[in-house]
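Close look at the chain arrangement
As a plain string of letters, each chain reads:
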Amino acid sequence: MVPIKAEIRAAITQALHRAGLASRVSLGLAEEVEIPDFIVSSPREEKFGDFAANIAMQLAKPARRPPREVAAVILEHFDYGACPWVERIEVAGPGFLNFYLRPQWLQEALRQVIEQGERFGRSLVGAGRKVNVEFVSANPTGLLHMGNARGAALGDSIAALLDFCGFDVTREFYINDTGLQIERFAASLEALYLQEFGEDVPVPEDGYHGADLAATVKRFIAETGDTYRHTPPEERREALARFAVAEKIAAIRDSLERFGVRYDVWFSEQELHRSGAVERVIRELKARGETFEREGALWFKAEKYGVEKDEVLVRSTGAATYFAADVAYHANKFDRGFAWLINVWGADHHGHVPRVKAALRALGYDADRLDVIIMQLVRLFRGGEIVRMSKRTGEFVTLDELLEEVGRDAARYFFVLRSADSHLDFDLDLARAQSMENPVYYVQYAHARIASLFRQLSLKGKALPEIGAVDLSVLTSEEEERLLRKLADFPDEVVDAALDLAPHRLTGYIYELAGLFHAFYNVHRVIGSEPGLEEARLLLVQAVGIVLRQGLRLLGISAPERM
RNA sequence: GCGCCCGUAGCUCAACGGAUAGAGCAACAGACUACGGAUCUGUAGGUUGGGGGUUCGAAUCCCUCCGGGCGCACCA
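Because the structure is predicted, anything quoted here is derived from the model rather than measured.

A look at the overall build of chain A
- What chain A contains, in helices and strands, is 20 helices and 15 strands.
- When the backbone C-alpha atoms are referred to their principal axes, chain A occupies close to 85 × 70 × 40 Å.
- Put simply, chain A has 563 residues, and 52% of those count as buried.
- Counting only contacts in chain A whose residues sit at least 6 apart along the sequence, the fraction spanning at least 24 positions is 71%.
- Within the structure as shown, chain A displays about 25,900 Å² of accessible surface, and the carbon and sulfur contribution to it stands at 49%.

Observations regarding the pattern of salt bridges
- Enumeration according to the criterion identifies 38 salt bridges in this entry.
- In this structure, E534 engages K462 in a salt bridge whose closest nitrogen and oxygen atoms are separated by 3.0 Å. Residue E534 is found in helix α20 (residues 533-554), and its partner K462 is found in the loop between α17 (439-459) and α18 (478-499); the two are separated by 72 residues along the sequence.
- The class for E534 is buried, based on a relative accessible area of 7%.
- Its relative accessible area of 36% is what places K462 among the partly exposed residues.
- Between D500 and R505 there is a salt bridge, and its shortest N-O distance comes to 2.5 Å.

Regarding the side chain of R150
- Tracing the sequence through the fold places R150 in helix α6 (residues 146-164).
- Buried charge R150 goes without a salt bridge, the closest partner of opposite sign being D421 at 7.1 Å.
- Within the structure, R150 has its side chain in polar contact with the backbone oxygen of Q376 (distance 2.7 Å).
- With residues near it in sequence (within four places) discarded, R150 still touches M375, Q376, L377, V378, F415, R418, S419, A420, S422, H423 and L424.

Observations concerning helix α4 (residues 67-77)
- For α4, the complete set of buried residues consists of V70, A71, V73, I74 and H77. One side of α4 holds all its buried residues, which, seen down the axis, span an arc of 160°.

Section: the domain arrangement of chain A
- By domain assignment, chain A separates into domain 1 (4-102), domain 2 (106-125 + 436-554), domain 3 (130-176 + 262-375) and domain 4 (180-257).
- The gap between the C-alpha centroids of domain 1 and domain 4 is 67 Å.

A look at the nonpolar core
- I12, F99, L162, L256, F415 and F426 are the most contacted members of the largest nonpolar core, which has 149 residues in total.
- A total of twelve residues in this core trace back to one element, the largest contributor, which is α20.
- Once residues within four sequence positions are removed from consideration, I12 is found in contact with F38, A53, I55, I74, F78 and F99.
- Grouped together as the second largest cluster of nonpolar side chains are 37 residues, V281, A302, A325 and L341 included.

Focus: the protein's contact with RNA strand B
- Near RNA strand B, the surroundings consist of 61 residues, among which R44, R315, Y442, Y445 and H524 are the closest.
- Atoms of RNA strand B within 4 Å of the protein belong to the sugar or the phosphate in 60% of instances, the rest to bases.
- Contact between RNA strand B and S316: a base oxygen at 2.6 Å from a main-chain N or O atom of the residue.
- Between RNA strand B and R449 there is a distance of 2.5 Å, counted from a phosphate oxygen to a side-chain nitrogen or oxygen.
- Counting residues per element, the ones that place at least two in the surface near RNA strand B are α3 (55-63), β4 (96-101), α7 (180-196), β9 (297-300), α17 and α19 (503-523).
- A per-element tally of the surface near RNA strand B places α17 first, with eight residues.

Some thoughts on α20
- The terminal C-alpha atoms of α20, which comprises 22 residues, lie 32 Å apart, in line with the 32 Å expected from a rise of 1.5 Å per residue.
- The element α20 is extensively covered by neighbouring structure, given that 19 of its 22 residues are classed as buried.

Observations concerning unusual backbone geometry
- Even without glycine at this site, V136 takes up a positive phi of about 70°.
- Its location among the elements puts V136 in the loop between β5 (130-134) and α6.
- The class of V136 is buried, set by a relative accessible area of 12%.

Quick notes on the pairing of β4
- By the criterion of burial, β4 is predominantly enclosed, with five of the six residues buried.
- Bridge analysis of strand β2 (residues 51-53) against β4 gives three bridges, and the strand direction is antiparallel. Considered in β4, the bridge of F51 is made with F99.
- With six bridges connecting them, strand β3 (residues 86-92) and β4 associate as antiparallel partners. Paired with I89 across the strands is F99, a residue of β4.
- Count of turn residues in the β3/β4 antiparallel hairpin: three residues, of which G93 carries a positive phi of about 55°.

As for the packing of aromatic side chains
- The full count for this structure, using the stated rule, is 30 aromatic pairs.
- Ring geometry for F334 and Y365: centres 5.5 Å apart, planes at 15°, overall stacked. One end of the pair, F334, is in helix α12 (residues 322-335); the other, Y365, is in the loop between α13 (352-362) and β12 (370-375), with 31 residues separating them in the sequence.
- The exposure class assigned to F334 is buried, which follows from its relative accessible area of 8%.
- Three or more aromatic residues joined by ring pairs make a cluster, and in this case those are Y193, F197, F220, Y228 and F243.
- A cation over a ring is seen here: R253 above W266, with NZ or CZ 4.5 Å from the ring centre.
- Positioned above the aromatic ring of F259, the side-chain terminus of R412 is 5.5 Å from the ring centre.

Structural notes on the sheet that holds β5
- Pairing is parallel in the open sheet, where five strands are placed in the order β7-β6-β5-β11-β12. Across the chains shown, the open sheet's two edge strands, defined by having one partner strand only, are β7 (265-268) and β12. Geometrically, the sheet is characterised by an average inter-axis angle of 25° between neighbouring strands, direction not taken into account.
- Pairing geometry for β5 and strand β6 (residues 168-175), over five bridges, is parallel. Of the residues in β6, the one forming a bridge with V131 is V169.
- Lying on the sheet, α13 is in contact with β11 (340-346) and β12; it crosses β12 at an angle near 170°.

What counts, and at which threshold
Residues numbered from 1 in each chain as written. Chains lettered and ligands numbered in written order. Predicted model: local features only at pLDDT ≥ 70, side-chain atom pairs only at ≥ 80, totals over all residues. Heavy atoms only, no water. Helix = DSSP H or I, 4+ residues; strand = E, 2+ residues; numbered from the N terminus. Buried < 20%, exposed > 50% of the residue type's maximum accessible area, 1.4 Å probe, protein only. Contact = heavy atoms within 4.5 Å. Areas by Shrake-Rupley, 256 points an atom, 1.4 Å probe, with all protein chains shown as cover. Salt bridge = Lys/Arg side-chain N within 4 Å of Asp/Glu carboxyl O. Lys, Arg positive; Asp, Glu negative; His and termini not counted. Polar contact = N/O pair within 3.5 Å; in protein donor to acceptor, adjacent residues only side chain to side chain. Arc of directions from axis to C-beta. Domains from an automatic or database assignment. Core = buried A, V, L, I, M, F, W, Y, C linked by side-chain atoms within 4.5 Å. Near = heavy atom within 4 Å. Expected span 1.5 Å × (residues − 1). Pairing = 2+ DSSP bridges. Phe/Tyr/Trp six-rings, centres within 6.5 Å; stacked < 30°, edge-to-face > 60°. Lys NZ or Arg CZ within 6 Å of the ring centre and 35° of its normal. Axes fitted to C-alpha atoms, helices over the stretch in contact; angles between N-to-C directions.

Here it is in structure tokens:
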């Protein structure tokens, strides 16, 4: 009964199919007309029933009949046996089919929350398909900034949601540990290294000037002495880069762990070059006639695939580009057997998407199985002023600083509060405020209140009632019914949020659930209400706690017992 | 100039192409001698940037104009 929407959907489809011939004839539908996509949704207005379907309007055109007539035909063939909870169906408005369920369906929903506990809302829609979620993938040359942090919160929640929906999820971090940026990084390290030995070597203009690098170099020297002072520069730079990148990766990993994010795979770009994977991809593109040479460089014919500009694969220096490596990387993910690739990238990378997809197509991969979430930038506010995030000015807010200032829960909540494609204004004062304006506390407070209620209960020497022994039909007030509906919605909400790759929908859901709970709690007494009612309400509250905990967990936010 | 994202209440944002566009904050007016007032109830606030189009139905899709962000490297 949990997927009640799916059940109704299936019954409608069945009405159109099984009684197919009859209904098709009476609808005047040609055999080849497909049943259009239609939606079963919870109507905004309660008077429109528990669920509504728009199928009749969708079919009106092909059937060349008014929607309400189509609806009547569907009704005629509807098998109530397939949907035991459906009490009656009405045709309403322009042609909606409004489904009214027996009141007991809400009690059944509550029963399932209690019985399934932490498993409630889990589903098998993913059918164990392998999904790769790649996110953050920050350059290992510095610390994580707000863009990385948003990507971390989004990526991790998407991964958690997909896992909850039965996908086989791999969280992956792509380490850009080679290329021009790393060379610049290495050159900067080398300058600092030689400076330590009294040589007057300036850090290159286009290099890295962070104060953290000097400390890294000191640690390097503490470990290796002056071993690299007189070695060939390439060898020196390589050793320095390897040492520093390892340090940065460790720091990034620590920060992300504090943020509640853990990866399954740390994938090295350098390894991709070393193993010959990049070279293979370039060779394959060449063999397929997808490349050409110009000015000493090897180009991919991206324009052929509708991309605005062709793209360099191999520089005139002979070095493969980041683009070439990225194509090889995504090919590698497909080759590892992932059925679905999801990347979370910053808005400044959006131009890269069509090029990578084009190259994957050229290689014969199904690029539609790659979804790239482009997230817009984060603006930090403090005291009503924008906090500039520039490496140059040094006013650079890192993930660590953010965690220090507002804590993990608020940070994670705020980053998934809005859809990825809207700019995010992050108000540090608000996130830090332990007050009613702060939505994180609003939700957590609901959970803490519930925990407190059960503490009170046990102080009175009472135990939670058994679900089987309680008559749930006494939960009839408006507040109780709304809560029950919301709980019943959870499985659908989770699936929608997962498949849409939109964790902010879950954020909205738990906020609304918390709100309905607070409203209920203000009006109705739980402990000490009349016998029978008390037990039923205790179970209702317990169920709210279960769902809140799950929702918060999926977002990487704690569900405190006390605040 | 070209491409992508965005433009919704004073502010920050929701809304699978669905029925009367919703929340929070801010404003105003209220509520428990009891389970945590970090709560709740109510009022007010809108020509969904402008204009066309598609559709039974548009904030949502298409065109165009205006405004903002981000890209348009032999960087990543």
